[in-house]
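Residue-level structure breakdown
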Amino acid sequence: MSRPFPGSMALSVPEVEKQMPAEPQPGHEQQSWWFLVFFLCFYGFMAQMRPGESFITPYLLGPDKNFTQTQVTNEITPVLSYSYLAVLVPIFLLTDYLCYKPVLLLQGLSYVSVWLLLLFGSTVLHMQFMEFFFSITMAARIAYSSYIFSLVPPARYQRMASYSRAAVLLGVFTSSVLGQLLVTVGRVAFSTLNYISLAFLTFSLVLALFLKRPKRSLFFNRGVPGPAGAAPSELDQMNPGQAKAAGAKPGWLPAAWRDSTFVRMPGELGRAVRLPQLRLWSLWWVFNSAGYYLIVYYVHILWNVVHPTTDTTRVYNGAADAASTLLGALTSFAAGFVKIRWALWARLVIAVVTVLQAGLVFLMYKTDDIWLCYAAFVLFRGSYQFLVPIATFQIAASLSQELRALVFGINTFLATVLKTVITLIVSDKRGLGLPVHSQFLVYFVYFLVLFAAYFLAAVLVGLRHFQQSRHQPLPAAQELMSPMQEKATQDGAQLPALEDGVFAVGELSPQSEAKA
């Protein structure tokens, strides 16, 4: 099955505070920093080493397991969506409450369970449990992205984000290439490939045992005192007057709750959703992520229909996954250099990318050429990853650290709900139970409807700005800017420089991606 690209449903790197701690000085502290970086990145790399993942579908449909295509499409794969919806919120809360490391261990144990069930399971029920454990690994990916920033000072956030994302992407790419080489050149059987994956995952679980457990987390464990007392939340720093008022008003709450971030976040969230750009990109996150993951979940089954596995050495799923990972990384990087006025052109850009995705999904549905199908998927995945960092920045840059986590969590949850509903109607045998080819026709229509909505919105915004431009000229093209920055620019205000304008997209949504 196919792995969701690290960082599709993503979290963002916290912004660097204005009163930023000085970077560690050379010496013992500097050596400790580099050892920490190396170990965290090495762990992130090894956790992605699953060379058998790209070949799970042909393994299930082949002589090793001998499941039917109907069983895999309509009984086994849908469980992934249902179980992911069930475990997403509990894992999110446990990650913060338990300070990350226990959830990383749970993720490692779940990965081992997935491959044990793949190797020794023999019934549909066993494979459904396999999908359940895989959903836990997907939900737990937030633990790694949050964990790495709990151990480094704010001055190191940007560099740590860069290193960790590079390690994760390198792990995904290396895993896919290794799997393809073992199958095509080494003529390794799929079952042997799964034993190799199990060995890698067992080693990464052992590495997780040596990870340092932080004493503080974003929500539940803020109150652990540091050298000068606990640091205030970003909501406190952004709205000190409101924070004091919020602490004074709910007198009926316990003292510990009265100062809690959770007490103030609903009001802050209500004010944040009034930002048009935040609403737009959150809607894109929900609707397009749902469609993207449905394609990722089922594309390997489609490949097996287009090109049934007769000679295992001629299955190039790993190469397609590696190419799509590389293209996704390149398009994500390129997105940071796009210079347009996002308040005006965002809807049109989204519409263009969405209609391209619709065309690629239709090509996958229509073609009988496996290479065209591979190419369409690579381009589809790359086009989605192009918009992920833009959406991440547009959503995150105008929010506090606490609200960023909450908004991304809500967006991911709503996308999961939508994906689950579509799965129940389209894929599940209790719904329409459509074969995979027909499902891709439904997904084509889905993306076409999204394109129509985005294009109509783009036309309306364009007409409104055209009328306004008669009275005042449009400003020049700008770098990628947050909604607050754009508003300040339009109002003629002086903008403070962003101290940390880089946001990690990866391991951070919902990453490796799911099987399919």
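Per-chain numbering applies: the sequence of each chain, read as written, is numbered from 1 onward. It should be noted that, the model being predicted, local features are given only for residues of pLDDT at least 70 and side-chain atom pairs only at 80 or more, the latter also being counted only at that level, while totals for whole chains, interfaces and linings use all residues. Each side-chain value is derived from all of the structure's non-hydrogen atoms; neither hydrogens nor water enter the calculation.

Moving on, we come to the overall build of the chain. Helix and strand counts for the chain stand at 20 helices and zero strands. Note on classification: 1.4 Å probe, protein chains only; a residue is buried when its accessible area is under 20% of the maximum for its type, exposed when over 50%, partly exposed between these limits. With 516 residues in all, the chain has 55% of them scored as buried. Put simply, the chain shows about 21600 Å² of open surface, and 68% of that area lies on carbon and sulfur atoms. The helix and strand labels rest on DSSP assignments: H or I over at least four residues marks a helix, E over at least two residues marks a strand, and numbering proceeds from the N terminus. For every accessible area listed, the method is Shrake-Rupley and the probe measures 1.4 Å; residues are considered covered only by the protein chains on display.

Further remarks concern the packing of aromatic side chains. To pair, rings of Phe, Tyr and Trp, with the six-membered ring standing in for Trp, must have centres within 6.5 Å; the planes then decide the type, stacked if under 30 degrees apart, edge-to-face if over 60, and tilted in the middle. Counted according to the given criterion, the structure contains 30 aromatic pairs. An angle of 85° between the planes, with centres 5.4 Å apart, marks the rings of tryptophan 303 and phenylalanine 377 as edge-to-face. Taken together, the residues tryptophan 303 in helix α14 (residues 276-306) and phenylalanine 377 in helix α17 (residues 370-396) connect sequence positions 74 residues apart. For phenylalanine 377, a relative accessible area of 0% puts it in the buried group. Feature note: the residues Trp281, Trp284, Trp285, Tyr292, Tyr293, Tyr297, Trp342, Phe380, Tyr384, Phe408, Tyr446 and Phe447 constitute an aromatic cluster, connected by ring pairs.

As used in this record, nonpolar core signifies buried Ala, Val, Leu, Ile, Met, Phe, Trp, Tyr and Cys residues forming a set joined through side-chain atoms within 4.5 Å. In this structure, Trp281, Trp284, Met364 and Phe440 are the most contacted members of the largest nonpolar core, which totals 118 residues. Sort the elements by how many residues they give to this core and α14 lands first, with 18 residues. Residue-level mapping places this core at the junction of two domains, with at least three residues from each of domain 1 (29-215) and domain 2 (273-471). It only takes one pair of heavy atoms within 4.5 Å for two residues to be counted as in contact. Not counting residues within four places of it along the chain, the set of residues in contact with tryptophan 284 comprises Ser289, Ile350, Tyr384, Leu387, Val388, Ala391 and Tyr454. The split of the chain into domains comes from an automatic or database domain assignment.

For the rest of this paragraph, the subject is the packing of helix α4 (residues 78-97) against helix α6 (residues 124-139). A fitted line through C-alpha atoms represents every axis, and for helices the fit uses only the stretch in contact; the resulting angles, taken between N-to-C directions, go from 0 to 180 degrees. It is the contact of α4 with α6, at a shortest axis distance of 8 Å, that shows an interaxial angle of 40°. Put simply, α4 runs oblique to α6. In the packing of α4 onto α6, the handedness of the crossing is right-handed. Facing α4, whose interface residues are Val79, Leu80, Ser83, Tyr84, Val87, Leu88 and Ile91, α6 presents Gln128, Glu131, Phe132, Phe134, Ser135, Ile136, Met138 and Ala139. Any angle between 65 and 115 degrees counts as roughly perpendicular, while under 35 counts as roughly parallel, over 145 as roughly antiparallel, and the rest as oblique. By the definition used in this description, the sense in which the near helix is turned from the far one sets the handedness, with an anticlockwise turn below a right angle giving left-handed and a clockwise turn giving right-handed.

Bringing a nonpolar patch on the surface into the picture now. A surface patch of nonpolar side chains, about 710 Å² in accessible area, is lined by Trp345, Leu348, Val352, Phe455, Leu456, Val459, Leu460 and Leu463. Going through the elements one at a time, α16 (342-366) and α19 (436-469) are the ones with two or more residues in the nonpolar patch. When residues of the nonpolar patch are assigned to their parent elements, the largest contribution, five residues, is made by α19. Here leucine 463 shows up in helix α19. Residues enter patches when their relative accessible area tops 30% and they take part in no salt bridge; the joining distance is 9 Å for like charges and 5 Å for the nonpolar side chains Val, Leu, Ile, Met, Phe, Trp and Tyr. Definition used for salt bridges: Asp or Glu carboxyl oxygen within 4 Å of a side-chain nitrogen of Lys or Arg.

Following both chains from N to C, one finds helix α3 (residues 69-76) and α4 inclined at 20°, their axes separated by 5 Å at the closest point. The orientation of α3 with respect to α4, classified from their angle, is roughly parallel. Of the residues in α4, those in contact with Val72, Thr73, Asn74, Glu75 and Ile76 of α3 are Pro78, Val79 and Leu80. Polar here means any residue other than Ala, Val, Leu, Ile, Met, Phe, Trp, Tyr, Cys and Pro, which are nonpolar, and Asp, Glu, Lys and Arg, which are charged; Gly is therefore polar. Of the residues that constitute the contact of α3 with α4, the class distribution is five nonpolar, two polar and one charged.

Looking now at the side chain of lysine 419. Its location among the elements puts lysine 419 in helix α18 (residues 401-427). Counted charges follow a simple rule, with Lys and Arg positive, Asp and Glu negative, and His plus the chain ends left uncounted. One buried charged side chain, lysine 419, makes no salt bridge at all; its nearest oppositely charged neighbour is glutamate 131, positioned 10 Å away. The contacts of lysine 419, once residues within four sequence positions are left out, are Ser81, Tyr84, Ala290, Tyr293, Leu294 and Tyr297.

Another aspect to go through is the environment of valine 421. Structurally, the position occupied by valine 421 is in helix α18. Between the alpha carbons of valine 421 and serine 81 there is a distance of 9.0 Å; along the sequence they are 340 residues apart.

Counted at 1.5 Å a residue, the expected span for helix α9 (residues 190-209) with its 20 residues is 28 Å, and the 29 Å between its end C-alpha atoms agrees. Of all the residues in α9, the buried ones are Phe190, Ser191, Leu193, Asn194, Ser197, Leu198, Leu201, Ser204, Leu205, Leu207 and Ala208. A helix is expected to span 1.5 Å for every residue after the first.

Examined against the element boundaries, isoleucine 350 turns out to sit in helix α16. C-alpha of isoleucine 350 to C-alpha of alanine 458: the two residues are 108 residues apart in sequence and 9.1 Å apart in space. For isoleucine 350, the contacting residues outside a window of four places in its chain are Leu280, Trp281, Trp284, Leu387 and Tyr454.

What follows covers the confidence of the model for the chain. Per-residue pLDDT for the chain averages 79, and the proportion of residues at 70 or more is 72%. The low-confidence segment residues 224-249 (pLDDT under 50) makes 42 contacts with residues lying over four places distant or belonging to another chain. pLDDT measures how confident the predictor is about each residue, on a scale from 0 to 100. The low-confidence segment residues 490-512, where pLDDT is below 50, has 89 contacts with residues more than four positions distant or belonging to other chains.

Turning next to the pattern of salt bridges. Summed over all chains, the structure comprises five salt bridges. As a salt-bridge pair, aspartate 311 and arginine 314 come within 3.8 Å of each other at their nearest N and O atoms. On the basis of relative accessible area, aspartate 311 is assigned to the partly exposed category, the value being 31%. Of the residues examined, arginine 314 reaches a relative accessible area of 53% and is grouped as exposed. Between arginine 430 and aspartate 428 there is a salt bridge; the shortest N-O distance is 3.0 Å. Of the residues examined, arginine 430 reaches a relative accessible area of 64% and is grouped as exposed.

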